[in-house]
Amino acid sequence: MNQENPPPASKPSNIVESALQTLRSRYVVVGTQRVPLWKAGVLIGLLAGAITGFAMVSNKSGEVEQGRAAGESEQWISGTLESWVVDQGDSQGGVAATPGAAHEGITFLRTAKDTKYELILPPNTFAPSGSIVKVKAGQIMANTTPFVQVQKDVAGAIGVQTASDLQILQLPSLDSVGRQHTAVILGYYQNQLPIPFGRPIAESVLNGVDTWYREVSYGKTWFTGDVSRWYRTTTTAPCFPDPQTFIDAADPSIYYPSYQRILIFVPINLNCGVGGFSSVGKVPVATQDGTVNVSIALMNAYAMALPNFMAHRGSLHELGHSLGVLHANAFDCGNQMAPSDTYGASCTHVEYGNPFDIMGVSGGALPPTPAKPHMNAFFKEMFGWFDPYQVVEVVPPGGTYTILPLEWAASAGPPASTTQAWSLVIPRTYDPTGQFQTWYYLEYRQPIGQDKRLANPERTYQGALVSMVLSWGGSQGVYFSRIELLDATPGDGIFTNSALIPGEVFQDTFTGITVKPLRATESGITVEISGVPYP
């Protein structure tokens, strides 16, 4: 597209849809069928994790109302959330997606008078960009987070004491299918030297992003876009770059209403520990052509000069956040394969712990080229990349099923049997209303395409990967979740040998669920499942 003379584009439509009614019961009606909640609600299933998230509330109506819940008299502020994730950087400028690496979540609240506050949320409380909420107002405190300090209009911080103090009224849909037209902006600060490389490499990164997402989405998501020239700001470089600075710098040359995504490359001081960050979904951005709804991802420009093209992997990771998911994590349960309780208090949460996922450990691959593996089946379900028949829920108390290679879903039609699927969902625990609290996803990988170079191939390509999804009940019947890879060879603290192979038995001693692989071939793995509880 010619940035100087862009074609006209319509203003972005309102993508916020009411999801509450579909989340109030175990099953919902879709068309003429009754569909399990985990399928209908999978759109928002991952919307919490070990991080709090990074959110901003924009009060559209200016409404501040007296609390009405249980006769409370506190004030509530209504608005729309904007969520972000900040990833730690490594020593070379890439994203340090290594097990247990630090990351950051920050929350903002914008009032009716456009005053912005840092919003501190309790653990496992999160909502995506575009969520319409009510937040109970609290005491205003000083904010000290470096990322907050770079913001131009943060007046202070407000603590949210409990999850019930954030009431979600409506949830947005994820715009994760189809063309993702992206504006790539190259920039640097006044006190930085010009970058000795630029548009050709950035164009190569964008092409690599498109190739990868076409494959892992089975052709349902693809990226196009344009790369800008280098823009130099008139300000000095902070540790946390402000994306609005570079959006404004490029604004005279870029017609933002034509784009759905923004990807910014800026040099970041390696001592700052920031590898990149992204909005989780689309956020409102002020431009010369009006306010547009786009996602924003920012990467360290130094990554474009790294071996093995760290910019490719980092951009894939950050754009995964932009599309709407958080991290692919893992549980270290000591000598046990699964938690000995409902929510995994007996296990250690390992951020980025899944080495077989682009949203997890980035180094879990054969040398010399780090892998850029597929996302897990749960995230693919979230994005709408699976057809309905490709994910099957195991009926209690169990049975024998065949899991087909995850990479095959691209061109395959319906399987020959209802006991065949590209991913299995196993109910684990339920809440008093019969909704899932925790459940398992099973998937099977083969050395195909982006998954060719996964670590520990002798085991990985012969076994099933078992992940656990944990959901916490939120206000208004909304559930928030995160996903944890489980280790079929517990006790060593290593996750590259996590696959469950024939001859082994996965045992969940808390629920009595067992998974026993019977045979594995390049065409699929057959598993025998028992002990699945009823609601």
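Residues numbered from 1 in each chain as written. Predicted model: local features only at pLDDT ≥ 70, side-chain atom pairs only at ≥ 80, totals over all residues. Heavy atoms only, no water.

Visitor: Please clarify how the packing of aromatic side chains should be interpreted in this entry.
Guide: The geometry of an aromatic ring pair comes down to the distance between the two centres and the angle between the two planes. Scanning all chains against the criterion turns up 15 aromatic pairs. Consider the rings of phenylalanine 378 and tryptophan 439, whose centres lie 6.5 Å apart with planes at 85°: the pair is edge-to-face. A residue pair is termed long-range when its members are at least 10 positions apart, and phenylalanine 378 in helix α6 (residues 377–383) and tryptophan 439 in strand β27 (residues 436–444) qualify at 61 residues. The burial state of phenylalanine 378 is the same as that of tryptophan 439; both residues are buried. Arranged with centres 5.7 Å apart and planes meeting at 70°, the rings of tyrosine 430 and phenylalanine 436 form a pair that is edge-to-face. Across the pair, exposure class does not vary: tyrosine 430 and phenylalanine 436 are buried alike. In textbook terms, an aromatic cluster arises when at least three aromatic residues are bridged by ring pairs, as seen for Phe378, Phe379, Tyr430, Phe436, Trp439 and Tyr441. The residue whose ring lies beneath lysine 134 is tryptophan 76, and the NZ or CZ to ring-centre distance is 5.2 Å. (Phe/Tyr/Trp six-rings, centres within 6.5 Å; stacked < 30°, edge-to-face > 60°. Helix = DSSP H or I, 4+ residues; strand = E, 2+ residues; numbered from the N terminus. Buried < 20%, exposed > 50% of the residue type's maximum accessible area, 1.4 Å probe, protein only. Lys NZ or Arg CZ within 6 Å of the ring centre and 35° of its normal.)

Visitor: Please clarify how the pattern of salt bridges should be interpreted in this entry.
Guide: Note that side chains of opposite charge can pair when their charged atoms are close. If you walk through the whole model with that rule in mind, you get nine salt bridges. One salt bridge connects aspartate 210 with arginine 214, and the closest N-O pair in it is separated by 2.9 Å. Here the residue aspartate 210 and the residue arginine 214 both occupy positions in helix α3 (residues 199–216), the gap between them amounting to four residues, near one helical turn. Overall, aspartate 210 belongs to the buried group, its relative accessible area being 14%. Residue classification places arginine 214 among the partly exposed positions, given a relative accessible area of 39%. Residues glutamate 443 and arginine 445 are paired through a salt bridge, measuring 2.8 Å at the closest nitrogen-oxygen approach. Side by side, glutamate 443 and arginine 445 carry an identical accessibility label, which is buried. The structure contains a network of salt bridges with shared partners spanning Glu443, Arg445 and Asp451. (Salt bridge = Lys/Arg side-chain N within 4 Å of Asp/Glu carboxyl O.)

Visitor: Is there a simple way to explain the confidence of the model for the protein in this structure?
Guide: Detailed reading of predicted coordinates is not advised where the pLDDT is low. For the protein, mean pLDDT is 79; residues scoring 70 or higher make up 74% of the total. Note that pLDDT drops below 50 for residues 1–73; the model gives that stretch 216 contacts with residues more than four away or on any other chain. A low-confidence stretch, residues 474–479 stays under pLDDT 50, and its non-local contacts, those more than four residues away or across chains, total 23 contacts. (pLDDT = per-residue confidence, 0-100. Contact = heavy atoms within 4.5 Å.)

Visitor: Please explain the sheet that holds strand β25 (residues 420–421) as it appears in this structure.
Guide: Within a sheet, neighbouring strands are paired by backbone hydrogen bonds and run either parallel or antiparallel to one another. Strand order in the open sheet formed by five strands is β25-β24-β32-β31-β30, and the pairing between neighbours is mixed. Each edge of the open sheet carries a strand with a single partner, namely β25 and β30 (506–507). Here seven bridges tie strand β31 (residues 514–521) to strand β32 (residues 524–530), and the two strands are oriented antiparallel to one another. When the sheet's bridge partners are listed, valine 515 is paired in β32 with isoleucine 529. (Pairing = 2+ DSSP bridges.)

Visitor: Explain the state of the cysteines here, please?
Guide: Note: disulfide means a covalent bond formed between the sulfur atoms of two cysteine side chains. Under the counting rule described, the total for this entry stands at one disulfide. The disulfide partner of cysteine 333 is cysteine 347, and the gap between their sulfur atoms is 2.0 Å. Across the disulfide from cysteine 333 to cysteine 347, rotation about the S-S bond amounts to roughly 100°, and the bridge is consequently right-handed. Of the two residues, cysteine 333 is situated in the loop between β21 (329–332) and β22 (348–350) and cysteine 347 in the loop between β21 and β22; the sequence distance between them amounts to 14 residues. The class of cysteine 347 is buried, set by a relative accessible area of 11%. (Disulfide = S-S within 2.5 Å.)

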